[in-house]
Amino acid sequence: MGKNEEIEEIIKKIEDSKIEGDFIKTQENLEKILDLDSENKEIKNQLSHIFFINGEIKKSEILVNELLATYPKDIELLKLNALINYNYKNYKKVINLYRTILDINDKEIDAYIDITRIYDEIGDYDQVTNYSKKGLKFDKNNVSLLNNLAAGLIYKEQFKDAFDCIRRIDDLDPINRISGTIGNFLKEQLNNNYKFKFINSPINYVQEFKITQKEINKSNLFNDPVKYIEKFEPEWEPKDKSTRNGFQTKSNLFSEYKSDIEIKKLTDFIELSITKYLSEFRDSADLYIKKFPNSVLLKGWAVILKESGYQRMHNHPDGWISGVIYIKTPNNLVADQGKIEFSTKGYKFPSINNNFSRTLLSPEKGKLILFPSSLHHRTIPLEIKEDRVSISFDIISN
């Protein structure tokens, strides 16, 4: 077999491995082609992206820099370089890379979206609104840019303009979660009676369920939760998660450990509770209920909070409905310690008055709380030496 025929055979294997999602095999086969054709730009380009996907960031960086030395205006390579530098938290370099992309092509909408996201992360809201507006000149109905613009305007306390952005999104994308994350907060602040299509008054959708004491008593998970969860390999304050002074598992418990008997029991209880939850709100006009997906995935993780442990205010942008099951709760909690707070005011939003919804619920062994994934929530810090153990989850549209 000649070299070209051998390369064609390997390319077929690469295509198959990509379809199967086996990017390790994809990487191996790309490297085989480079052994045969070391100057193949397209293969080097693909390999630089696969390195990044497989977590081999340094290899990706070296290959990208090599390619950019020859092709300095290759936009896809510049985008990948921005992702690499974002991984290093080198925000100044990331911003300069996106500016370079926009100098090459000022209509590159993805670059506007990404640069506004970075400016939002570092708190430069003037530039968030500046670049959002520039991008919207080329794509006036881009929901991501409208979303970023609304967020920037909130932090600049331009609430009416931010609300106008949210209403445009509501018309363009009726099941967009932004009505739950930002829209209802603005509506309350502005004393506006507008009805969002996806969700209104999200705190009213917070519901509690309870595992029976009989089931708790015969559960190994509930009887020795910390020891049981250790086999799920929890990590201390994992990167980019909301947990502080505590452990959190990274893999999806409901897929990685789906054969575990206790996880199976929890899965059954969650599914039953979801059915009851949807039935409870079956008369709602909100698309949050009316358009609940026919096919969903269950993604979950365990959290062990230690003394002074808490979870920062956050929401779950990938989910539709989220929930938490309390496996172990400390005794004799004082005041609001360990409680979960739900609020329409999140992400350190500024406020112009005290008109925003907020509620606190107490943790209790065997309690399940379901709530809209878009709703902001946090845990009040524990000030005692007992652990608080819970399993949280998202119901995600499949």
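Note: the structure precedes this text.
Being a predicted model, the structure only gives us computed values, none of them experimental. Each chain has its residues counted from 1, following the order in which its sequence is written. It should be noted that, the model being predicted, local features are given only for residues of pLDDT at least 70 and side-chain atom pairs only at 80 or more, the latter also being counted only at that level, while totals for whole chains, interfaces and linings use all residues. To get the side-chain values, all heavy atoms of the structure are used, and hydrogens and water are removed first.

Moving on to the layout of surface pockets. We place a 1 Å grid over just the protein atoms. Points where a 1.4 Å probe fits but has no way out form a cavity, open points with protein on both sides within 12 Å along at least 5 of 7 lines form a pocket, and any residue with an atom within 4 Å of a point lines it. Grid points are joined across faces, edges and corners, and a volume is the space filled by probe spheres set on the points. In this structure, the second largest pocket spans a volume of roughly 150 Å³. What lines the second largest pocket is K210, I211, T212, E215, I216, S219, F222, E262, K265, L266 and F269. Numbered from the N terminus, helices here are DSSP runs of H or I no shorter than four residues, and strands are runs of E no shorter than two. At the level of elements, α12 (213–217) and α16 (261–280) are the ones that each hand at least two residues to the lining of the second largest pocket. The dominant element in the lining of the second largest pocket, judged by the number of residues it contributes, is α16, at four residues.

A few words on the packing of helix α1 (residues 3–20) against helix α2 (residues 23–36). With axes taken as lines fitted to C-alpha atoms, and helix axes fitted only over the stretch in contact, angles between N-to-C directions fall between 0 and 180 degrees. The geometry of α1 relative to α2 is characterised by a closest axis approach of 8 Å and an angle of 165 degrees between their N-to-C directions. On the basis of their axis angle, the class for α1 and α2 is roughly antiparallel. Crossing of α1 over α2 shows left-handed handedness. Facing α1, whose interface residues are K3, E6, I7, I10, I11, K13, I14, S17 and K18, α2 presents F23, K25, T26, N29, L30, K32, I33 and L36. In this scheme, roughly parallel covers angles under 35 degrees and roughly antiparallel covers those over 145, while 65 to 115 is roughly perpendicular and the rest are oblique. In this scheme the handedness of a crossing depends on how the near helix is turned from the far one: anticlockwise by less than a right angle means left-handed, clockwise means right-handed. Whether two residues are in contact is decided by their heavy atoms: any pair within 4.5 Å suffices.

With that settled, the discussion passes to the packing of aromatic side chains. Note on aromatic pairs: each is described by the distance of the centres and the angle between the planes. Side-chain rings of Phe, Tyr and Trp, where Trp is taken by its six-membered ring, are said to pair if the distance between their centres is within 6.5 Å; with planes under 30 degrees apart they count as stacked, over 60 as edge-to-face, and otherwise as tilted. For the structure shown, the criterion picks out 20 aromatic pairs. Aromatic pair Y205 and F281: ring centres 4.8 Å apart, planes at 55 degrees, arrangement tilted. You can see Y205 sitting in the loop between α11 (178–189) and β1 (207–210) and its partner F281 sitting in the loop between α16 and α17 (287–290), a full 76 residues away along the chain. Residue classification places Y205 among the buried residues on the basis of a relative accessible area of 5%. A simple rule labels every residue: compare its accessible area, found with a 1.4 Å probe on the protein chains alone, to the largest value its type can have, and call it buried under 20%, exposed over 50%, or partly exposed in between.

In this section: the packing of helix α7 (residues 109–122) against helix α8 (residues 125–138). It is at 8 Å that the axes of α7 and α8 come closest, and there the two elements cross at 165 degrees. Taken together, the axis directions place α7 and α8 in an arrangement best described as roughly antiparallel. In the packing of α7 onto α8, the handedness of the crossing is left-handed. Residues I109, Y112, I115, T116, Y119 and D120 of α7 pack against Y125, Q127, V128, Y131, S132, K134, G135 and F138 of α8. Taken together, the residues of the contact of α7 with α8 break down into eight nonpolar, four polar and two charged. Gly is placed with the polar residues, together with every amino acid not listed as nonpolar (Ala, Val, Leu, Ile, Met, Phe, Trp, Tyr, Cys and Pro) or charged (Asp, Glu, Lys and Arg).

Let us look at unusual backbone geometry. The backbone of K89 shows a phi angle near 60 degrees, a positive value even though the residue is not glycine. In this structure, K89 sits in the loop between α5 (75–87) and α6 (91–104). Non-glycine residue E233 carries a positive phi angle of around 60 degrees. You can see E233 is positioned in the loop between α14 (225–230) and β2 (235–236). Residue classification places E233 among the exposed residues on the basis of a relative accessible area of 59%.

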